[in-house]
Amino acid sequence: MAGNDHQLAQDLSASAAAHLAKGERKKAHELFSKAADLEEKAFEAVPATRVRTRGILAVSAASLLYKARRLTDARRFLFKALASDEPLLPPQESQLREL
């Protein structure tokens, strides 16, 4: 379920940030990576009619991929989200383009 994946991704992201603050970069990147996978899964599970939710999840997934240092995956996801026939709201589309 998208909501569960999103919540777990948020929890993992918070834990990753705590590890990063302690200088534990490797552990932080691992947790950011797991969170990104869950957020991407949540994005895919949300119906196209929930445009705002999809946009928020898209920005979150792309940001987490960057934080995980998965730059190729981040680019792939950004292109997929921006090129989709399923629309995003202008603010989220702008955020994705900035990433």
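That block above? That's the structure.
Residues numbered from 1 in each chain as written. Predicted model: local features only at pLDDT ≥ 70, side-chain atom pairs only at ≥ 80, totals over all residues. Heavy atoms only, no water.

**Q** Hey, could you run me through the packing of aromatic side chains in this one?
**A** For any two aromatic rings, the description comes down to two numbers: the centre-to-centre distance and the angle of the planes. Under the criterion given, the structure shown has one aromatic pair. Look at Phe43 and Phe77: their rings are 5.3 Å apart centre to centre, the planes differ by 75°, and that puts the pair in the edge-to-face class. One end of the pair, Phe43, is in helix 2 (residues 25-45); the other, Phe77, is in helix 4 (residues 71-83), and 34 residues separate them in sequence. Residue Phe77 is classed as buried on the basis of its relative accessible area of 0%. The cationic tip of Arg54 hangs over the ring face of Phe43; the distance from NZ or CZ to the ring centre is 4.1 Å. (Phe/Tyr/Trp six-rings, centres within 6.5 Å; stacked < 30°, edge-to-face > 60°. Helix = DSSP H or I, 4+ residues; strand = E, 2+ residues; numbered from the N terminus. Buried < 20%, exposed > 50% of the residue type's maximum accessible area, 1.4 Å probe, protein only. Lys NZ or Arg CZ within 6 Å of the ring centre and 35° of its normal.)

**Q** Whenever I open this one, the nonpolar core confuses me. Can you help?
**A** In terms of nonpolar packing, the biggest core is built from 26 residues, with Phe32, Phe43, Ala58, Phe77, Ala81 and Leu96 touching the most fellow members. At the level of elements, helix 1 (2-21), helix 2, helix 3 (51-67) and helix 4 are the ones that each hand at least two residues to this core. Other than its neighbours up to four places away in sequence, Phe32 contacts Ser13, Ala16, Ala17, Leu20, Leu64, Lys67 and Ala68. (Core = buried A, V, L, I, M, F, W, Y, C linked by side-chain atoms within 4.5 Å. Contact = heavy atoms within 4.5 Å.)

**Q** How do you make sense of helix 4 when you look at a structure like this?
**A** Spacing of three or four residues puts side chains on the same side of an α-helix, whose turn is 3.6 residues. If you check helix 4, its first and last C-alpha atoms are 18 Å apart, about what 13 residues at 1.5 Å a residue would give, namely 18 Å. Residues of helix 4 that are buried include every one of Ala74, Phe77, Leu78 and Ala81, and no others. Down the axis of helix 4, the buried side of the element spans an arc of 100°, and every buried residue falls inside it. Along helix 4, the residues that are exposed and aim more than 90 degrees away from the buried face are Thr72, Phe79 and Ala83. Turning to helix 4, the residues buried within the fold contact helix 2, helix 3 and helix 5 (90-98). (Expected span 1.5 Å × (residues − 1). Arc of directions from axis to C-beta.)

**Q** Would you mind showing me how to read the packing of helix 4 against helix 5 here?
**A** Packed helices, taken two at a time, are described by the angle their axes make and the gap between the axes. Across the interface, helix 4 lies against helix 5 with an axial gap of 10 Å and an inter-helix angle of 150°. Comparing the axis directions of helix 4 and helix 5 gives the class roughly antiparallel. At the point where helix 4 passes helix 5, the crossing takes the left-handed sense. For the pair helix 4 and helix 5, contact is made by Leu78, Ala81 and Leu82 and by Glu93, Leu96 and Arg97, respectively. When the residues that make up the contact of helix 4 with helix 5 are grouped by side-chain class, the tally is four nonpolar, no polar and two charged. (Axes fitted to C-alpha atoms, helices over the stretch in contact; angles between N-to-C directions. Parallel < 35°, antiparallel > 145°, perpendicular 65-115°, else oblique. Left-handed = near helix turned anticlockwise from the far one by under 90°. Nonpolar A, V, L, I, M, F, W, Y, C, P; charged D, E, K, R; others polar.)

**Q** What's the story with the environment of Val46 in this structure? I'm lost.
**A** Relative to the helices and strands, Val46 resides in the loop between helix 2 and helix 3. For Val46, a relative accessible area of 6% translates into the label buried. When the C-alpha positions of Val46 and Gly3 are compared, they lie 9.1 Å apart, and in sequence the two are 43 residues distant.

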